[in-house]
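Architecture at a glance
Given next are the chains, with one letter for each unit.
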Amino acid sequence: MTTTNQNETTAVEGRARRLAEDAAEAADVRRWQTHPDVVALRVERVRAQVDRLCWSGIVLGLAFTTANVQWFAAAGAEFGSLPWLTAWLLDPTVCLVLLAILRAEQVTARYQVHTGAWVRAAKWLTLAATYVMNTWSSWSAGSPAGVVLHSVPPLVVFVAAEAVTDLRDKLTEAVSVAFMNATDQAEPGEAVGVQGSTVLVHEPNRPDHEPTDLASEQNVSGPEPVTPEPRRERPARRKLFADYLADARATWTPGVEITPAWVRETTGCSRGLSFRLAAALSAEIGKGGARQ
């Protein structure tokens, strides 16, 4: 009877030990999964996948339009003649400018740097030129099927060019949000793993054992001055939608047109957020005017 009880106790202790080890392992995995560097690495992988897929679609769509633009530019020229050959240069001229703009926006969106109106105008102009050259023959022939067929690739390229910029902007914001969340959750004195070692947040590292021989640490002239380590300042709180809206509300004056560009200029928000802020502020101003 006693032996059976001992065996049951040993089995329970073994299961409890395994559960404790599993819980500690799960906590360690969860801590690293929410670490800002790990989140940033995951976002970078997603960003790379998004870039590859979008660039593949854009390049394939522009390649599809090349033959249509060449046929439009050749205008029935003889095969192999000089006009027929030079017609192949028209679409690459437009596409290279468009690809250069998209490549530059890939970098500016990564760091949330907003481009000017000329950049956006150049992108829209190249996309509009591609669309017109692809569909002009179908429009003049009155062929709805041809219009639809030749409209799909340019419109897909146009939408992808606009969407990929906002996606990169939001992916960058996701990294910032992950960093701020991890910073807010880390309390002073909480242990945080860095490069395989454990240090204390906002606490200077101290030796495990204090020296007992004080004379060995003193010079003849006296003790050496101890320079305290500077205290790390916690990052500023992430600016929320309500904060941007409050800044825009405080800056707005009667007679000023509320547009996304004006919101970006006054608040410094991202392009994707500026449309929501402009709509919210316009609705708020409109309700206030109606009540008056």
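Residues numbered from 1 in each chain as written. Predicted model: local features only at pLDDT ≥ 70, side-chain atom pairs only at ≥ 80, totals over all residues. Heavy atoms only, no water.

1. Section: the packing of aromatic side chains
- Scanning all chains against the criterion turns up three aromatic pairs.
- Note on Trp 84 and Trp 88: the rings are 5.9 Å apart at their centroids and 80° apart in plane angle, and the pair reads as edge-to-face.
- Owing to a relative accessible area of 18%, Trp 84 belongs among the buried residues under this scheme.
- Exposure remark for Trp 88: the relative accessible area of 34% places this residue in the partly exposed category. (Phe/Tyr/Trp six-rings, centres within 6.5 Å; stacked < 30°, edge-to-face > 60°. Buried < 20%, exposed > 50% of the residue type's maximum accessible area, 1.4 Å probe, protein only.)

2. A closer look at the nonpolar core
- Grouped together as the largest cluster of nonpolar side chains are eleven residues: Tyr 244, Leu 245, Ala 248, Ile 258, Trp 262, Val 263, Cys 269, Leu 273, Leu 277, Ala 278 and Leu 281.
- Residue assignment for this core shows that the elements contributing at least two residues are helix H7 (241–251), helix H8 (260–267) and helix H9 (271–291).
- If you look at the next biggest cluster of nonpolar residues, it comprises ten residues, including Trp 55, Leu 62, Leu 98 and Leu 102. (Core = buried A, V, L, I, M, F, W, Y, C linked by side-chain atoms within 4.5 Å. Helix = DSSP H or I, 4+ residues; strand = E, 2+ residues; numbered from the N terminus.)

3. Notes on the side chain of Asp 91
- Secondary-structure assignment places Asp 91 in helix H4 (residues 90–110).
- Buried charged residue Asp 91 carries no salt bridge. Nearest counter-charge: Lys 123, at 17 Å.
- One polar contact links Asp 91 to Thr 66, side chain to side chain, over a distance of 2.9 Å.
- When neighbours within four sequence positions are excluded, Asp 91 is seen to be in contact with Leu 62, Thr 65, Thr 66, Val 69 and Thr 130. (Lys, Arg positive; Asp, Glu negative; His and termini not counted. Salt bridge = Lys/Arg side-chain N within 4 Å of Asp/Glu carboxyl O. Polar contact = N/O pair within 3.5 Å; in protein donor to acceptor, adjacent residues only side chain to side chain. Contact = heavy atoms within 4.5 Å.)

4. Section: unusual backbone geometry
- At Ala 75, a position not held by glycine, the phi torsion is positive, near 55°.
- Its location among the elements puts Ala 75 in the loop between helix H2 (36–74) and helix H3 (82–86).

5. Comments concerning H8
- Of all the positions in H8, only Pro 260, Trp 262, Val 263 and Thr 267 are classed as buried. Across the axial projection of H8, the buried residues extend over an arc of 160°, all falling on one side.
- Remark: Gly 268 follows H8 within two positions and exhibits a positive phi of approximately 75°. (Arc of directions from axis to C-beta.)

6. A few points about H4
- End to end, H4 covers 31 Å across 21 residues, agreeing with the expected 30 Å (1.5 Å per residue, within 8%).
- What H4 keeps buried is the set Asp 91, Val 94, Cys 95, Leu 98, Ile 101, Leu 102, Glu 105, Gln 106 and Ala 109. Down the axis, H4 shows its buried residues gathered within 150° of arc, on one side only.
- Once H4 finishes, Gln 112 follows within two positions and takes phi at roughly 55°, a positive value. (Expected span 1.5 Å × (residues − 1).)

7. Quick notes on the pattern of salt bridges
- With the rule as written, the count across this model stands at five salt bridges.
- Put simply, Lys 123 and Glu 105 hold a salt bridge, and the shortest N to O gap is 3.1 Å. Of this pair, Lys 123 sits in helix H5 (residues 117–141) while Glu 105 sits in helix H4, and the two are 18 residues apart along the sequence. The same class applies to Lys 123 as to Glu 105, namely buried.

8. Notes on the confidence of the model for the chain
- Scored by pLDDT, the chain has a mean of 76; 76% of the residues are at 70 or more.
- In this model, residues 187–223 is a region of pLDDT below 50 whose contacts with residues beyond four sequence positions or in other chains number 27 contacts. (pLDDT = per-residue confidence, 0-100.)

9. Some details on the packing of H2 against H5
- One way to put it is that H2 packs onto H5 with a least axis distance of 9 Å and a crossing angle of 65°. For the crossing formed where H2 meets H5, the hand is left-handed. The residues of H5 that touch H2, namely those facing Thr 65, Asn 68, Val 69, Trp 71 and Phe 72, are Thr 130, Met 133, Asn 134, Trp 136 and Ser 137.
- Classifying every residue of the contact of H2 with H5 by side-chain character gives five nonpolar, five polar and no charged. (Axes fitted to C-alpha atoms, helices over the stretch in contact; angles between N-to-C directions. Left-handed = near helix turned anticlockwise from the far one by under 90°. Nonpolar A, V, L, I, M, F, W, Y, C, P; charged D, E, K, R; others polar.)

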